[in-house]
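Residues per chain, in single letters:
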Protein chains: 2
Amino acid sequence: MPTKKHAQFITAVQEAADQPLNQDVLLSLVGYNCRRSYLKIIPPFEKRLNKFDLRVVDFSVLSLLKANPNITQKRLSKAISVSPPNLANLLDRLEERGLILRQRNPLDKRSQTLLLTPEGMRMCAKAETTAIDLETEATAMLSAPEREQLLRLLQKVFLPADDAEQAG
Amino acid sequence: MPTKKHAQFITAVQEAADQPLNQDVLLSLVGYNCRRSYLKIIPPFEKRLNKFDLRVVDFSVLSLLKANPNITQKRLSKAISVSPPNLANLLDRLEERGLILRQRNPLDKRSQTLLLTPEGMRMCAKAETTAIDLETEATAMLSAPEREQLLRLLQKVFLPADDAEQAG
DNA sequence: TATTGTTATACTCTATAACTATA
DNA sequence: TATAGTTATAGAGTATAACAATA
């Protein structure tokens, strides 16, 4: 039915196809841009971590335990925003693989403290090297000052004001 | 068993509990910081969108269709990184609610072009207002130039070099 | 009574394979 | 033969409720 309306529709479709995508509104939102950058960086990182049979969240746990031996599951849970049930499961697997140790907290027997095993330390070191390598590649389009600035601004968004001043 | 080793363990646990969490390695990684900022911003946004029965991804679709009427599902799928099967499902629900229209592409009958209905336009306008309001609150710790700088640096990470120059 | 951690389970999100129709 | 979109389904990730042990 070659009506006038139909002809207008064809023109509109043709025009839409010819134009570059306009995403001005979304690109003005920090949340959207964080997500896009995250999705650009993380998949290749996941791919490399898979060689160690680690997921990104496993890496976060190992890295935090390396820097904070003997912290409790409670603190770890809060730090990485993983709920206690899901963290229990995650730690089960790391423990079965001999990467971490769970010990009853002698100061409060309800809780458990966490520690990397020697093998966990080695695994963490390898994973951290991988992370830093990939980081360098993924942000190669940024100058060193730009990269520092980006970290500073992101941390200003999510860290409490006090911490943000201390950090990096 | 109050052995020497046990006493050392107690001391170590006490020390770990007293110290602030050290996350220097993670905080040096852009990907980690993007995720943390994203997780700070998005949950309150989700909460507000829920009042319109929208998820964040629904909002992205509405906003993109408002700015790009008559684009195909294929282009939309790529733009928001949602796989075709999952997008089909998402669009089904928006179409059932009368927010969007799917039309056979007259220039290639394999594809479908997308359009907001008048009600979809109204819903999108409300959601965009919500997004911008929340954005202002969520990034209140940044000065206007800092906010612009943050957007610029994030886009430099995920946009192709050409686009990054144009945007902003 | 409140807290730490666990188990079991449900829900959402994402990914994959096979199919239809158009080109 | 290749592409756009759909259906069905599987898998991963996340959230919730009920419970045991300890405080």
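Please refer to the structure higher up on the page.
Attention in this report is confined to the structure presented alongside it. Bear in mind the structure is a predicted one, so any value in this text is a computation, not a measurement. (Residues numbered from 1 in each chain as written. Chains lettered and ligands numbered in written order. Predicted model: local features only at pLDDT ≥ 70, side-chain atom pairs only at ≥ 80, totals over all residues. Heavy atoms only, no water.)

**Notes on the overall build of chain A**
Each helix and strand counted, chain A has 9 helices and 2 strands in total. Shown N-terminal to C-terminal, the secondary structure of chain A runs as helices and strands in the order α-α-α-α-α-α-β-β-α-α-α. Principal axes of the C-alpha set define a box for chain A whose edges measure 80 × 40 × 30 Å. Once local pairs closer than 6 in sequence are excluded, the contacts in chain A between residues at least 24 apart make up 47%. (Helix = DSSP H or I, 4+ residues; strand = E, 2+ residues; numbered from the N terminus. Contact = heavy atoms within 4.5 Å.)

**Here's the deal with the packing of aromatic side chains**
All names here are of chain A. Across all of its chains, the model carries 2 aromatic pairs over all chains by this definition. For the ring pair Phe-45 and Phe-59, a centre distance of 5.4 Å and an interplane angle of 90 degrees mean the geometry is edge-to-face. Of the two residues, Phe-45 sits in helix H3 (residues 30-50) while Phe-59 sits in helix H4 (residues 56-67), which places them 14 residues apart along the sequence. The same class applies to Phe-45 as to Phe-59, namely buried. (Phe/Tyr/Trp six-rings, centres within 6.5 Å; stacked < 30°, edge-to-face > 60°. Buried < 20%, exposed > 50% of the residue type's maximum accessible area, 1.4 Å probe, protein only.)

**A word on the packing of helix H4 (residues 56-67) of chain B against helix H6 (residues 84-96) of chain B**
All names here are of chain B. Axis separation between H4 and H6 bottoms out at 11 Å; the angle between their running directions is 75 degrees. Taken together, the axes of H4 and H6 are roughly perpendicular relative to one another. Counted together, Val-57, Asp-58, Val-61 and Leu-62 of H4 and Leu-90, Leu-91 and Leu-94 of H6 form the full contact between these two elements. (Axes fitted to C-alpha atoms, helices over the stretch in contact; angles between N-to-C directions. Parallel < 35°, antiparallel > 145°, perpendicular 65-115°, else oblique.)

**Here we look at the interface of chain A and chain B**
Each partner contributes residues to the interface: chain A has 66 residues there, and chain B has 66 residues. For the pair chain A and chain B, the two sides together bury roughly 6300 Å², of which 69% comes from carbon and sulfur. Considering only the side of chain A, the residues that lose the most area to chain B are A:Leu21, A:Val157 and A:Phe158, jointly responsible for 10% of the buried surface there. At the boundary of chain A and chain B, one finds 4 salt bridges. With a closest N to O distance of 3.1 Å, B:Arg152 and A:Glu146 form a salt bridge. Where chain A packs against chain B, one counts 22 residue pairs in polar contact (both at pLDDT 80 or more). Sorting elements by how many residues they give to the side of chain A that touches chain B places helix H8 (residues 144-158) of chain A first, with 12 residues. Partitioning the side of chain A that touches chain B into residue classes produces 36 nonpolar, 19 polar and 11 charged. (Buried area = accessible area lost by both parts, 1.4 Å probe. Salt bridge = Lys/Arg side-chain N within 4 Å of Asp/Glu carboxyl O. Polar contact = N/O pair within 3.5 Å; in protein donor to acceptor, adjacent residues only side chain to side chain. Nonpolar A, V, L, I, M, F, W, Y, C, P; charged D, E, K, R; others polar.)

**Quick look at unusual backbone geometry**
All names here are of chain A. Non-glycine residue Asn-70 carries a positive phi angle of around 70 degrees. Note on placement: Asn-70 falls in the loop between H4 and helix H5 (73-80). The exposure class of Asn-70 is buried, given its relative accessible area of 8%.

**Side note on the side chain of B:Arg147**
Tracing the sequence through the fold places B:Arg147 in helix H8 (residues 144-158). The residues contacting B:Arg147, other than those within four sequence positions of it, are A:Ser28, A:Leu29, A:Val30, B:Glu135, B:Thr139 and B:Leu142.

**Some details on the relation of the copies chain A and chain B**
Under the fitted operation, chain A is carried onto chain B by 0.0 Å of movement along the axis and a turn of 180 degrees, and the coordinates agree to an RMSD of 0.1 Å. These values place the two chain copies in the arrangement generated by a two-fold rotation axis. For chain A, the minimum C-alpha distance to the rotation axis belongs to A:Cys34 and amounts to 2.5 Å. A share of 100% of the interface residues of chain A reappears at the interface of chain B, consistent with the copies meeting face to face through the same patch. (Least-squares fit on C-alpha atoms with pLDDT ≥ 70 in both.)

**Remarks on the nonpolar core**
By size, the foremost hydrophobic cluster in this structure holds 94 residues, and its most contacted members are A:Leu76, A:Ile100, A:Leu150, B:Leu76, B:Ile100 and B:Leu150. Excluding residues within four positions of it along the chain, B:Ile100 makes contact with B:Leu62, B:Leu65, B:Leu91, B:Leu94, B:Glu95, B:Leu114, B:Leu115, B:Leu116 and B:Thr117. (Core = buried A, V, L, I, M, F, W, Y, C linked by side-chain atoms within 4.5 Å.)

**Details of the protein's contact with DNA strand C**
Taken together, 18 residues lie near DNA strand C, and A:Gln73, A:Lys74, A:Arg102, A:Gln112 and B:Arg110 sit nearest. Near-protein atoms of DNA strand C (within 4 Å) split between backbone and bases, with sugar and phosphate holding 65%. A:Gln112 has a polar backbone atom sitting 2.8 Å from a phosphate oxygen of DNA strand C. At 2.9 Å, a backbone N or O of B:Lys109 approaches a phosphate oxygen of DNA strand C. Its residues assigned to classes, the surface near DNA strand C comprises 4 nonpolar, 5 polar and 9 charged. (Near = heavy atom within 4 Å.)

**Thoughts on the side chain of B:Ser37**
Structurally, B:Ser37 can be placed in helix H3 (residues 30-50). Ignoring anything within four residues of it in the chain, the contact list for B:Ser37 reads A:Cys34, A:Leu154, A:Val157 and A:Phe158.

**A short note on the protein's contact with DNA strand D**
What surrounds DNA strand D is a group of 18 residues, the closest being A:Lys109, A:Arg110, B:Gln73, B:Lys74 and B:Arg102. Here, DNA strand D places atoms within 4 Å of the protein, and 64% of those atoms are sugar or phosphate. Taking A:Arg55, its side chain carries an N or O atom lying 3.3 Å from a phosphate oxygen of DNA strand D. Here a phosphate oxygen of DNA strand D sits 2.6 Å away from a polar atom, N or O, in the main chain of B:Lys74. Looking at the surface near DNA strand D, the elements that each hand over two or more residues are helix H6 (84-96) of chain A together with helix H5 (73-80) and H6 of chain B. For the surface near DNA strand D, the leading source of residues is H6(B), giving 4 residues. Here the residues of the surface near DNA strand D sort into 4 nonpolar, 5 polar and 9 charged.

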